[in-house]
Amino acid sequence: MYIPPAYKRLKRAPQVMLPKDIGIVIAYTGLNKQSKCFDAGTGSGWLAVSLARVAKEVTSYEIRDEFMKLAQKNARNEGLKNLRIMKGDPIKRIVGKDFDLVTLDMPDSDKAVPNAYKALKNGGYIFGYLPHIEQMKKFIRALGKQRFGEINAYELIARDMITRKEGTRPSTKGVWHTAYLVFARKPEVQ
Ligand SMILES: C[S@@+](CC[C@H](N)C(=O)[O-])C[C@H]1O[C@@H](n2cnc3c(N)ncnc32)[C@H](O)[C@@H]1O
């Protein structure tokens, strides 16, 4: 799959979230220059950097030192002063509240749902990026227990098209599954 320069220049270590999936997070949640976001795990920071390019401020937590440092370097190289990348585990604690958006891309995202609920403002969105169906089911169950509403799950397939003199058709190569995308909203009124 084509990776545009805005991403290609970012260093990468663990599996990153791809632009095809990042785009819907920004559009679906109405992210804008007033938005305050919380993100975990940072990984290489591809999602965190993308959120910070649009939002007012982004706080991102990563448990591994080497990934935290790599993502901090990506944020510095992009000149993003509104992105703070820190060592931390959202399952144990989320510092800060009144977030408009919490994004979770880590193995036990379902366990961070109770803290995410507390950290979100009313009407805020939670987003989970979950490679396996089993993780998606656990995440959706955790959202239901926490009184999140507007729960919707998706998988986005981007098909590369090839154009040659013999004809134009979808490519037989390319990235198919990346992860399931789950969105939910904290009710406007408690
Ligand atoms: C798939 S990567 C995230 C990729 C990132 N969204 C991006 O676009 O570059 C998952 C990251 O979560 C981190 N992680 C795993 N468990 C965590 C936890 N409990 N708290 C914080 N980070 C965690 C891992 O070290 C890893 O870097």
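Residues numbered from 1 in each chain as written. Predicted model: local features only at pLDDT ≥ 70, side-chain atom pairs only at ≥ 80, totals over all residues.

### Quick notes on the overall build of the protein
- When you go through the protein residue by residue, the secondary structure sums to six helices and nine strands.
- In terms of overall size, the protein behaves like a compact globule, its C-alpha atoms giving a radius of gyration of 17 Å where 190 residues would be expected to give roughly 16 Å.
- With respect to the three principal axes, the spread of C-alpha positions in the protein is 60 × 35 × 30 Å.
- A burial count over the protein gives 41% of its 190 residues as buried.
- Excluding contacts between residues fewer than 6 apart, the proportion of contacts in the protein whose partners are at least 24 apart in sequence is 64%. (Helix = DSSP H or I, 4+ residues; strand = E, 2+ residues; numbered from the N terminus. Rg over C-alpha atoms; globule rule 2.2 N^0.38 Å. Buried ≥ 20, exposed ≤ 12 C-beta atoms within 10 Å, placed from the backbone. Contact = placed C-beta atoms within 7 Å.)

### What to know about the site of the ligand
- Around the ligand there are 22 residues in total, and M17, G41, G43, W46 and M106 lie nearest to it.
- Every element with two or more residues in the shell around the ligand is listed here: α3 (46–52) and β2 (57–62).
- Of the residues in the shell around the ligand, the class split is 13 nonpolar, five polar and four charged. (Near = placed C-beta within 6 Å. Nonpolar A, V, L, I, M, F, W, Y, C, P; charged D, E, K, R; others polar.)

### Concerning the environment of E78
- Following the sequence through the fold, E78 ends up in the loop between α4 (65–77) and β3 (83–87).
- A count of 17 C-beta atoms within 10 Å places E78 in the partly exposed class.

### Concerning α4
- Over its 13 residues, α4 extends 18 Å from the first C-alpha to the last, a length consistent with the 18 Å expected when each residue adds 1.5 Å.
- Residues of α4 that are buried: M68, L70, A71, N74 and A75. Down the axis of α4, the smallest arc covering the buried residues is 165 degrees, so these residues share one side. Residues of α4 that are exposed and point more than 90 degrees away from the buried face comprise D65, E66, R76 and N77.
- Lining the buried residues of α4 we find α3, β2 and β3.
- Looking one or two places after α4, you find G79, whose phi comes out positive at around 70 degrees. (Expected span 1.5 Å × (residues − 1). Arc of directions from axis to C-beta.)

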